[in-house]
Amino acid sequence: MWMGSSNTSLKVSIPDCHKKFIITGPPQGGLMLTVEKGLLPKNEGWQSLAYPSETREIWKDNQGRFVFVVPEISPPRRCLFVDPDFKLGHIIGEFQPKNGCIPYPLENIEIIIFINWLAGMGDIILHAVGIDIDGHGYCFAGASHTGKSTLAASLQKVPGITILGEDNLVLRYLQGRFWIYGTPWHQNPDMCDAKGVPLEKIFFLDKTGNPGVSALNPVEGISQILQTAFVPYYRPETLPGILQRMDQLTEQVSFYKLSYQLGTDAWKLIYGA
């Protein structure tokens, strides 16, 4: 993704976690965004894709573009138009510069954009911790309050481990194998990294079981992923591609259930799996 403005005086502040993900030039095949200060247009004739919430609205306009709206509860109010192929986009916001900079235009909506962008390719975002150890990717998925952040903090102390993300990961299928990539949607810059590594194992966190690791069959594993991942069920045209990816995932990646007592060394259990 590349973001720019036709107004050279419009400077954008960058969240700390995003600074690891900055690129020096427009990406090949990426999303090109322009930013503009202005009033939001009215949604006359737009089609609602998902039930509007306090934090976001998703529409299609009369030109077939996706429209992502950030309402007043998360100021400033912003509206992002994206072409159906996710190559070009335009952000309009009621931005009020502070110290010469406007707030990051995609704050609190960026992950929703990526969920929809990736879904068109059959890829998804996982609600999970991800680590890289010697070029091998391990993923630890789970719903909120299952101990993901605590586990990430514990694993960060293990020599040779890089934390890709403490809460969200991108799962992609590229060149015949699955990869996990770090994301910037975290509070702590030390708990994310921009690299990607081949995925080898997925662990599902379970706070209720006895300490240990147990294998899950493919049906159990995919069921767990679909319950915790960010899947845009409001766009049914993307679901066949995502389900096909899940079928491929079962052929390449092993699934496990991980239970451990908070404060203990979970790495010993993981390493022995």
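Structure's up top.
One structure accompanies this document, and this report is about it. (Residues numbered from 1 in each chain as written. Predicted model: local features only at pLDDT ≥ 70, side-chain atom pairs only at ≥ 80, totals over all residues. Heavy atoms only, no water.)

1. A closer look at the overall build of the protein
Short version of the rule: Here a strand is any run of E in DSSP of at least two residues, a helix any run of H or I of at least four, and the numbering for each starts at the N terminus. Here the globule rule reads 2.2 Å times residues to the power 0.38, and the radius of gyration is calculated from C-alpha atoms. Computed by Shrake-Rupley with a 1.4 Å probe, the accessible areas treat only the displayed protein chains as cover when residues are assessed.
Scanning the protein from terminus to terminus reveals five helices and 17 strands. Compactness check: the protein gives a C-alpha radius of gyration of 20 Å against a globular reference of 19 Å for 273 residues, within 12% of the reference. Dimensions of the protein, computed from C-alpha atoms along their principal axes, come out at roughly 55 × 40 × 35 Å. Accessible area of the protein: about 13,700 Å², with a carbon and sulfur share of 51%.

2. Regarding helix α4 (residues 239-252)
Threshold: How far a helix is expected to stretch is found by multiplying one less than its residue total by 1.5 Å. A 1.4 Å probe rolled over the protein chains alone gives each residue an accessible area, and that area as a share of the maximum for its type sets the label: buried under 20%, exposed over 50%, partly exposed in between.
Counted at 1.5 Å a residue, the expected span for α4 with its 14 residues is 20 Å, and the 20 Å between its end C-alpha atoms agrees. All of the buried residues in α4 are L239, I242, R245, M246, Q248 and L249.

3. Some words on the layout of surface pockets
The condition is simple: Lining residues are defined by having an atom within 4 Å of a point belonging to a cavity or pocket. Those points lie on a 1 Å grid over the protein atoms alone, cavities being sets where a 1.4 Å probe fits but cannot get out and pockets being open sets with protein on both sides within 12 Å along at least five of seven lines. Grid points are joined across faces, edges and corners, and a volume is the space filled by probe spheres set on the points. Note on residue classes: Ala, Val, Leu, Ile, Met, Phe, Trp, Tyr, Cys and Pro are nonpolar, Asp, Glu, Lys and Arg are charged, and everything else, Gly too, is polar.
In this structure, the largest pocket encloses a volume near 1,100 Å³. Lining the largest pocket are 31 residues, with M1, F21, I23, F114 and W117 positioned closest to its centre. The greatest single-element share of the lining of the largest pocket, amounting to four residues, is contributed by helix α1 (residues 110-119). In this structure, the second largest pocket encloses a volume near 410 Å³. Taken together, 16 residues make up the lining of the second largest pocket; nearest its centre are E107, P184, W185, H186 and Q187. Classifying every residue of the lining of the second largest pocket gives nine nonpolar, four polar and three charged.

4. Section: the pairing of strand β12 (residues 161-165)
To keep things clear, this is the line we draw: Pairing between strands is defined by DSSP: at least two bridges between the two strands are required.
With four of its five residues buried, β12 lies for the most part within the structure. As defined by bridge partners, strand β10 (residues 124-133) adjoins β12 across four bridges and the pair is classed as antiparallel. If you follow I133 over to β12, its bridge partner there is I161.

5. Brief notes about the side chain of R56
Short version of the rule: In this count, Lys and Arg are taken as positive residues and Asp and Glu as negative ones, while His and the chain termini are left out. Just to be clear on terms, a salt bridge is a Lys or Arg side-chain nitrogen sitting within 4 Å of an Asp or Glu carboxyl oxygen. The term polar contact refers here to a pair of N or O atoms within 3.5 Å; inside protein, the definition further demands a hydrogen-donor-capable atom paired with an acceptor-capable atom, and it admits residues adjacent in sequence only when both atoms are side-chain atoms. Residue contacts are counted whenever heavy atoms from the two residues lie within 4.5 Å of one another.
Counting through the fold element by element, R56 comes out in the loop between β4 (47-50) and β5 (57-60). Of the side chains bearing the opposite charge, E57 lies closest to the buried R56, which forms no salt bridge; the N-O distance is 8.5 Å. At 3.3 Å, the side chain of R56 forms a polar contact with the backbone oxygen of Y51. Beyond its immediate chain neighbours, meaning those up to four positions away, R56 contacts A50, Y51, V69, P71, I109 and I112.

6. As for the pattern of salt bridges
Two side chains bearing opposite charge may form a pair once their charged atoms approach each other closely. Going through the model one piece at a time under the given rule, you end up with nine salt bridges. The partner of K195 in a salt bridge is D132, with the nearest N and O atoms 3.0 Å apart. Pair noted here: K195 is in the loop between β14 (177-182) and β15 (196-205) and D132 is in strand β10, with a separation of 63 residues, a long-range link. Among the residues examined, D132 registers a relative accessible area of 7% and is labelled buried. With a closest N to O distance of 3.8 Å, D167 and K148 form a salt bridge. In this pair, D167 is assigned in the loop between β12 and β13 (168-174) and K148 in helix α2 (residues 148-155), connecting sequence segments 19 residues apart. Of the residues examined, D167 reaches a relative accessible area of 25% and is grouped as partly exposed.

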